[in-house]
Amino acid sequence: ENKKFFTFGSLNNYHKISDEVVQAWAKILRNCDNSKLLLKSSSMKVNQESIIKKFKKYDLEDKLIILSSKNYPHKKDHLKVYNDIDLALDTFPYNGVTTTFEALWMGVPVLVLKGFNFNSKCGFSIIKNSSYTDLISNDLDEYTEKAIYFYHNREKFLQLKKELFNNILSTPLFDTKNFSKNFGNMLLDLLKKHDLKTE
């Protein structure tokens, strides 16, 4: 890949991009000279100026690539955006869910931060089941350090990305047949446990 820039990206709802998230992303961008951050909100109702203002605080607005959701009305157009992202950065403590699955399905690694409750552990759960545990960070320092590491160790990162693209559909995340079977059995077990009729 001979692209001019290494592109970090997030297609999560802008409401999930807290000041703490911006601070972490700013640290990553400052330590990765030839990088950009591509943002596109999963919601049509967004205030782009508020996001730009958050990055202006760190003098990093020039590193932003902001796409308007209105220009991507169809799902296929939205998914093509992932082709322009090298490494997706998950938001915290409110993680992406659909966007994380989309990124992985499109062969884009997603760096996640392990949280402390259901909302903040979604990313961790998804990536754990993808078997690519190198993308899981246990704390904020590890999160930023891993992003910077992947930027500076491009060969290793590209190998991870290649493996992800080739293997992700065979992981439990996309095994819908077994998921349906296991979920159905779980429901039947619950019905039997509470002595309810299944017919």
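To be clear, the structure that these remarks concern was listed above.
Fair warning: this is a prediction, and the values are worked out from it, not measured in the lab.

Enquirer: Residues and numbers for the overall build of the protein chain, please.
Expert: Helix and strand content of the protein chain: eight helices and six strands. The helix and strand sequence of the protein chain, counted from the amino end, reads β-α-β-α-β-α-β-α-β-α-β-α-α-α. The principal-axis extent of the C-alpha atoms belonging to the protein chain is close to 65 × 35 × 35 Å. Counting the 199 residues in the protein chain, one finds 43% classified as buried. Counting contacts in the protein chain only where the partners sit at least 6 residues apart, residues at least 24 apart contribute 74% of the total. A total accessible area of about 11,800 Å² is found for the protein chain, and carbon and sulfur atoms account for 51% of it. Of the side chains in the protein chain, 30 bear a positive and 24 a negative charge, and the two mean positions are spaced by 4 Å.

Enquirer: Account for the pairing of strand β1 (residues 6-10), naming residues and giving values.
Expert: Counting buried residues in β1 gives five out of five residues, a clear majority hidden from the surface. Summarising the sheet, β1 and strand β2 (residues 35-39) pair through five bridges and their orientation is parallel. Bridge pairing in β2 links serine 10 to leucine 39. In terms of handedness, the path from β1 via helix α1 (residues 19-30) over to β2 forms a crossover that is right-handed.

Enquirer: Account for the pattern of salt bridges, with residues named and values stated.
Expert: Summed over all chains, the structure comprises four salt bridges. Ionic pairing is found between lysine 54 and aspartate 19, a salt bridge with its closest N-O pair at 3.9 Å. Of the two residues, lysine 54 is situated in helix α2 (residues 48-56) and aspartate 19 in helix α1; the sequence distance between them amounts to 35 residues. Where lysine 161 meets aspartate 86, a salt bridge forms, and the shortest distance between an N and an O atom there is 3.8 Å. With lysine 161 in helix α7 (residues 154-167) and aspartate 86 in the loop between α3 (75-80) and β4 (87-89), the pair connects residues that are 75 residues apart, well separated along the chain.

Enquirer: Talk me through the side chain of glutamate 102; I want residue IDs and the actual numbers.
Expert: Counting through the fold element by element, glutamate 102 comes out in helix α4 (residues 98-105). A polar atom in the side chain of glutamate 102 sits 2.7 Å from the side chain of tyrosine 82. For glutamate 102, the residues in contact, after removing those within four places along its chain, are Lys75, His78, Leu79 and Tyr82.

Enquirer: If you had to explain unusual backbone geometry to someone new, which residues and values would you point to?
Expert: In this model, phenylalanine 92 is joined to proline 93 through a cis peptide bond whose omega is 0°. Summarising the element assignment, proline 93 is placed in the loop between β4 and α4. Unusually for a residue other than glycine, serine 131 sits at a positive phi of about 75°. Take serine 131: it is sitting in the loop between α5 (118-130) and β6 (136-137).

Enquirer: Residues and numbers for the environment of aspartate 86, please.
Expert: Given a relative accessible area of 4%, aspartate 86 falls into the buried group. Through-space distance from the C-alpha of aspartate 86 to that of phenylalanine 8 is 5.9 Å; in sequence the pair is 78 residues apart. One polar contact links the side chain of aspartate 86 to the main-chain amide nitrogen of threonine 7, over a distance of 2.6 Å.

Enquirer: Can you lay out the packing of aromatic side chains for me, pointing to particular residues and giving the numbers?
Expert: By the definition in use, this model includes six aromatic pairs. Ring centres 5.6 Å apart and planes at 85° place the aromatic pair phenylalanine 6 and tyrosine 151 in the edge-to-face group. Placement of the pair is phenylalanine 6 in strand β1 and tyrosine 151 in helix α6 (residues 140-152), with a sequence separation of 145 residues. For the pair phenylalanine 6 and tyrosine 151, a shared accessibility class is recorded, and that class is buried. Each ring, one from phenylalanine 92 and one from tyrosine 143, has its centre 5.3 Å from the other, and the planes form 75°; the classification is edge-to-face. Separated by 51 residues along the polypeptide, phenylalanine 92 in the loop between β4 and α4 and tyrosine 143 in helix α6 bring together distant segments of the chain. Each member of the pair, phenylalanine 92 as well as tyrosine 143, carries the same accessibility label: buried. Through successive ring pairs, a cluster of aromatic residues spans Phe6, Phe8, Tyr149, Phe150, Tyr151 and Phe157.

Cut-offs used in this document
- Residues numbered from 1 in each chain as written.
- Predicted model: local features only at pLDDT ≥ 70, side-chain atom pairs only at ≥ 80, totals over all residues.
- Heavy atoms only, no water.
- Helix = DSSP H or I, 4+ residues; strand = E, 2+ residues; numbered from the N terminus.
- Buried < 20%, exposed > 50% of the residue type's maximum accessible area, 1.4 Å probe, protein only.
- Contact = heavy atoms within 4.5 Å.
- Areas by Shrake-Rupley, 256 points an atom, 1.4 Å probe, with all protein chains shown as cover.
- Lys, Arg positive; Asp, Glu negative; His and termini not counted.
- Charge placed at Lys NZ, Arg CZ, Asp CG, Glu CD.
- Pairing = 2+ DSSP bridges.
- Right-handed = clockwise from strand over helix to strand, strands pointing away.
- Salt bridge = Lys/Arg side-chain N within 4 Å of Asp/Glu carboxyl O.
- Polar contact = N/O pair within 3.5 Å; in protein donor to acceptor, adjacent residues only side chain to side chain.
- Phe/Tyr/Trp six-rings, centres within 6.5 Å; stacked < 30°, edge-to-face > 60°.

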